[in-house]
Amino acid sequence: QVQLVESGGGLVQAGGSLRLSCAASGSSYMISVMAWYRQAPGKERELVASISSTGSTHYADSVKGRFTISRDNGKNTVYLQLNSLKAEDTAVYYCNTWARKLLRPLEQYWGQGTQVTVSS
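To start, this report covers the structure provided alongside it. (Residues numbered from 1 in each chain as written. Predicted model: local features only at pLDDT ≥ 70, side-chain atom pairs only at ≥ 80, totals over all residues. Heavy atoms only, no water.)

1. With respect to the overall build of the protein chain
Next up, step 1: Within the protein chain, the secondary structure is distributed over zero helices and 11 strands.
Next up, step 2: Mapped from its N terminus to its C terminus, the protein chain presents α and β elements in the order β-β-β-β-β-β-β-β-β-β-β.
Next up, step 3: For the protein chain, whose C-alpha radius of gyration is 14 Å, the value lies close to the compact-globule estimate of 14 Å for 120 residues.
Next up, step 4: Its C-alpha atoms give the protein chain principal-axis dimensions of about 50 × 25 × 20 Å.
Next up, step 5: Split into buried and exposed, the 120 residues of the protein chain put 41% on the buried side.
Next up, step 6: Considering only intrachain contacts with a sequence separation of at least 6, the fraction spanning at least 24 residues in the protein chain is 55%.
Next up, step 7: With an accessible surface of roughly 6500 Å², the protein chain has 48% of that area assigned to carbon and sulfur atoms.
Next up, step 8: Across the protein chain, the mean location of the 12 positive side-chain charges is 6 Å away from that of the 8 negative side-chain charges. (Helix = DSSP H or I, 4+ residues; strand = E, 2+ residues; numbered from the N terminus. Rg over C-alpha atoms; globule rule 2.2 N^0.38 Å. Buried < 20%, exposed > 50% of the residue type's maximum accessible area, 1.4 Å probe, protein only. Contact = heavy atoms within 4.5 Å. Areas by Shrake-Rupley, 256 points an atom, 1.4 Å probe, with all protein chains shown as cover. Lys, Arg positive; Asp, Glu negative; His and termini not counted. Charge placed at Lys NZ, Arg CZ, Asp CG, Glu CD.)

Right, dumping it as structure tokens:
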């Protein structure tokens, strides 16, 4: 099993910044793509940003130019820098990864979520 532990959420004013972190742990697991999703009240969970093991990134249009995803492969940790926050960024942010053991298929894992609240 892979465990994802998130940190860094909180309350911030519009225009402010936050940095989310997510550390993956799991003996003998190879971590593939890592990503951040979010879910606002009454809405479906949506992909915010993803990053491959080689550093290729993808962003939702709504966060391009404001959020930056990065990872430290040595620490199996992914980060999400949130700048120029807006009220509509308020949501629970979930860390996500696909990982596998040698010769086993990829499996998807989720963190417990961290609340980001942006006050206008």
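Let us keep going from here.
2. Focus on the side chain of Ser50
Next up, step 1: Considering the arrangement of structural elements, one finds Ser50 in strand β5 (residues 46–51).
Next up, step 2: Once residues lying within four places of it in the same chain are set aside, the contact partners of Ser50 are Val33, Met34, Ala35, Ser56, Thr57, His58 and Ile69.

3. Describing the state of the cysteines
Next up, step 1: Within the structure shown, the criterion is met by one disulfide.
Next up, step 2: The disulfide bridge from Cys22 ends at Cys95, spanning 2.1 Å between sulfur atoms. The S-S bond linking Cys22 to Cys95 shows a torsion near -85°; that makes this disulfide left-handed. You can see Cys22 sitting in strand β3 (residues 18–25) and its partner Cys95 sitting in strand β9 (residues 91–100), a full 73 residues away along the chain. (Disulfide = S-S within 2.5 Å.)

4. Quick notes on the sheet that holds strand β8 (residues 77–82)
Next up, step 1: The strand order β1-β3-β8-β7 describes an open sheet built from four strands, whose pairing is antiparallel. Each edge of the sheet is formed by a strand with only one pairing partner; in this case those strands are β1 (3–7) and β7 (67–72). Shown here is a sheet whose adjacent strand axes are inclined to one another by a mean of 15°, direction ignored.
Next up, step 2: Here β3 runs beside β8; their pairing, made up of six bridges, is antiparallel. By the bridge assignment for β8, Ala23 is matched with Thr77. (Pairing = 2+ DSSP bridges. Axes fitted to C-alpha atoms, helices over the stretch in contact; angles between N-to-C directions.)

5. Points about a nonpolar patch on the surface
Next up, step 1: A surface patch of nonpolar side chains, about 360 Å² in accessible area, is lined by Met30, Leu102 and Leu103.
Next up, step 2: Relative to the helices and strands, Met30 is located in strand β4 (residues 30–39).
Next up, step 3: On the accessibility criterion, Met30 (35% relative accessible area) is partly exposed. (Patch = residues over 30% accessible without salt bridge, like charges linked within 9 Å, V, L, I, M, F, W, Y side chains within 5 Å. Salt bridge = Lys/Arg side-chain N within 4 Å of Asp/Glu carboxyl O.)

6. Structural notes on the packing of aromatic side chains
Next up, step 1: Per the counting criterion, the structure on display carries three aromatic pairs.
Next up, step 2: A centroid spacing of 6.1 Å and a plane angle of 85° characterise the contact between Tyr29 and Tyr109, whose relative ring orientation is edge-to-face. Highlighted residues: Tyr29 in the loop between β3 and β4 and Tyr109 in strand β10 (residues 107–110), separated in sequence by 80 residues. Across the pair, Tyr109 and Tyr29 agree in class, each one buried.
Next up, step 3: Considering the side-chain rings of Tyr94 and Trp110, the 6.5 Å spacing of their centres and the 85° angle between planes classify their relative orientation as edge-to-face. Here Trp110 lies in strand β10 and Tyr94 lies in strand β9, a separation of 16 residues in the sequence.
Next up, step 4: Overall, Trp110 belongs to the partly exposed group, its relative accessible area being 35%.
Next up, step 5: Counting every residue linked through ring pairs, the aromatic cluster contains Tyr37, Tyr94 and Trp110.
Next up, step 6: Across the ring face of Tyr79, the terminal group of Arg19 is positioned such that the distance to the ring centre comes to 4.1 Å.
Next up, step 7: Taking NZ or CZ as reference, Arg45 lies 3.7 Å from the ring centre of Tyr94, over its face. (Phe/Tyr/Trp six-rings, centres within 6.5 Å; stacked < 30°, edge-to-face > 60°. Lys NZ or Arg CZ within 6 Å of the ring centre and 35° of its normal.)

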